[in-house]
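# Coordinate analysis (summary)
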Amino acid sequence: ILIYRLNTLTREYLVKFYRLIVASNDKTSVAQNKKVLTNTTEDILRLRKEYEPLISSGEERSLYEQSANRWDMYLHALEPIVAVAEASRRDEALALLASGARAVELGKEIGELLQKDVALNKKAADTATHSSIVSIGQAVRTAYLAMGIAVITSLGAMLFCLLGISRPLVDMAAAMRRLAEGDVAVVVPSVGRRNEIGAMASAVQVFKDNLIHTRQLEEETALARASAEEQRRAGMRQMADSFEAAVGGIVGQVSASATELQATAGSMSAMAGQTSAQSGAVSAAAEEAASNVNTVAAA
């Protein structure tokens, strides 16, 4: 019974580990999920201590020691991921999990070794039942029940991890990588799921929508800037045309005034000449009159 419980609890540990990585949305949930994971680890250690004195054969001890050794290696491989998850850096933890092929391999080996140990214990139990005819029925039912529970739990955990966690996480990581590269055409997977994966997908979808909106704003800003520049140039051209027209008008007016002043000066010059001629005639007449006067006076 202890080996069945140890096998089941070991697989439950993997589910609780994924819950720590995926379902820890704040410090409170991180602390709660980490506590559950720690309690599971302690329960596994307690079961191992209870099971070790009951090992009855060299084959069983070999299987147990192999699984125990790989279990310690497995916990050591998960330490960096757990540490990052405790720091609320979920994306980094998911990236480490997606690249942690060795941890996945160790988990698979542990499951296979414990399954062999379970099968060995079942075989031992079956052998023991032959030596006790009275309890054979109950022993067989108990063994098969435990075996069925272990198999169902194992298959359920494996299917859940593969279809419900591992594959969606890999798809999510790929979508996030493409978004980081600027590809807004990528379809965010698992949107609409009513679990932690769906919540993560919704967050990634918000990021994608914001990226699209930002690009639209950048395009609108560029168009507005180009339109303003064109309006400024048109205004400058209009101002230059108005200035040229105003200066042309002023130059025309000045030219007309200069022509008018030149004509007036010519008229005044002619009048001055006429006046000078008239003055000469008057002077000559005056001199002649004076001469006549002097002649008369002499006579």
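Okay, so let's go over this structure.

## Digging into the overall build of the chain
Of regular secondary structure, the chain possesses 7 helices and 0 strands. The order of α-helices and β-strands along the chain, N terminus first, is α-α-α-α-α-α-α. Relative to its full complement of 299 residues, the chain shows a buried share of 27%. Long-range pairs, those at least 24 residues apart, make up 71% of the contacts in the chain between residues at least 6 apart in sequence. Counting every atom, the chain has about 19,100 Å² of accessible surface; 60% of that belongs to carbon and sulfur.

## Considerations on the side chain of Ser29
Of note, Ser29 is situated in helix α2 (residues 27-51). Residue Ser29 is classed as buried on the basis of its relative accessible area, which comes to 13%. Filtering out sequence-adjacent residues up to four positions away, Ser29 remains in contact with Ala23 and Ser24.

## Notes on the nonpolar core
If you look at the biggest cluster of nonpolar residues, it comprises 46 residues, and the most contacted ones within it are Tyr13, Phe17, Ile21, Tyr74 and Leu169. Top element by residues in this core is helix α1 (residues 2-22). It accounts for 11 residues.

## Overview of the pattern of salt bridges
What the rule picks out here adds up to 7 salt bridges. With a shortest N-O distance of 3.9 Å, Arg46 and Asp43 are connected by a salt bridge. Highlighted residues: Arg46 and Asp43, both in helix α2, separated by 3 residues, approximately one helical turn. Put simply, Glu230 and Arg237 hold a salt bridge, and the shortest N to O gap is 3.7 Å. By relative accessible area, Glu230 is classed as partly exposed at 42%. Linked through salt bridges whose partners overlap, the residues forming this network are Asp43, Arg46 and Glu50.

## Some words on the packing of α2 against helix α3 (residues 58-86)
Put simply, α2 and α3 touch, their axes get as near as 13 Å, and they point 165 degrees apart. Judged on the interaxial angle alone, α3 and α2 are roughly antiparallel. Judged by the sense of rotation from one axis to the other, the crossing of α2 with α3 is left-handed. Contacts from Val30, Lys34, Leu37, Thr41, Ile44, Arg48 and Tyr51 of α2 reach α3 at Glu60, Tyr64, Ala68, Trp71, Asp72, Leu75, Val82, Ala85 and Glu86. Class assignment for the residues of the contact of α2 with α3 results in 10 nonpolar, 1 polar and 5 charged.

## Focus on the packing of aromatic side chains
Summed over the entire model, instances satisfying the criterion amount to 1 aromatic pair. Their ring planes at 75 degrees and their centres at 5.1 Å tell us that Tyr13 and Trp71 sit as a pair that is edge-to-face. Of this pair, Tyr13 sits in helix α1 while Trp71 is found in helix α3, placing the two residues 58 residues apart along the sequence.

## Re helix α4 (residues 90-99)
Looking at α4, one finds that the buried residues are Ala93, Leu94 and Leu97. Down the axis of α4, the buried set is contained in an arc of 100 degrees. They therefore lie on one face. Facing away from the buried surface of α4 by more than 90 degrees, the exposed residues are Ala98 and Ser99.

## Observations regarding the environment of Asp26
As for its placement among the helices and strands, Asp26 is situated in the loop between α1 and α2. By relative accessible area, which is 42% here, Asp26 ends up partly exposed. Here the alpha-carbon distance between Asp26 and Glu86, two residues 60 residues apart in the chain, equals 9.8 Å.

## Brief notes about the packing of α1 against α4
Two elements in contact, α1 and α4, have axes separated by 9 Å at closest approach and are oriented at 140 degrees. With respect to α4, the axis of α1 lies oblique. Contacts between α1 and α4 pair Phe17, Tyr18, Ile21 and Val22 from the former with Arg90, Ala93, Leu94 and Leu97 from the latter. Residues of the contact of α1 with α4, tallied by class, amount to 7 nonpolar, no polar and 1 charged.

## Remarks on the environment of Ile165
Position of Ile165 relative to the elements: it lies in helix α6 (residues 136-180). With relative accessibility at 7%, the residue Ile165 sits in the buried group. When the C-alpha atoms of Ile165 and Ile197 are compared, they prove to be 7.5 Å apart, with 32 residues separating the residues in sequence.

## Notes on α3
Its 29 residues give α3 an end-to-end C-alpha distance of 40 Å, which sits within 8% of 42 Å, the value for a rise of 1.5 Å per residue. Along α3, the sharpest change in direction is near 40 degrees and occurs at Glu79; proline Pro80 comes one to four residues later. Among the residues of α3, those classed as buried are Glu60, Leu63, Tyr64, Ser67, Ala68, Trp71, Tyr74, Leu78, Ile81, Val82, Val84 and Ala85.

Cut-offs applied
- Residues numbered from 1 in each chain as written.
- Predicted model: local features only at pLDDT ≥ 70, side-chain atom pairs only at ≥ 80, totals over all residues.
- Heavy atoms only, no water.
- Helix = DSSP H or I, 4+ residues; strand = E, 2+ residues; numbered from the N terminus.
- Buried < 20%, exposed > 50% of the residue type's maximum accessible area, 1.4 Å probe, protein only.
- Contact = heavy atoms within 4.5 Å.
- Areas by Shrake-Rupley, 256 points an atom, 1.4 Å probe, with all protein chains shown as cover.
- Core = buried A, V, L, I, M, F, W, Y, C linked by side-chain atoms within 4.5 Å.
- Salt bridge = Lys/Arg side-chain N within 4 Å of Asp/Glu carboxyl O.
- Axes fitted to C-alpha atoms, helices over the stretch in contact; angles between N-to-C directions.
- Parallel < 35°, antiparallel > 145°, perpendicular 65-115°, else oblique.
- Left-handed = near helix turned anticlockwise from the far one by under 90°.
- Nonpolar A, V, L, I, M, F, W, Y, C, P; charged D, E, K, R; others polar.
- Phe/Tyr/Trp six-rings, centres within 6.5 Å; stacked < 30°, edge-to-face > 60°.
- Arc of directions from axis to C-beta.
- Expected span 1.5 Å × (residues − 1).
- Bend = angle between axes of the 7 residues up to and from the residue.

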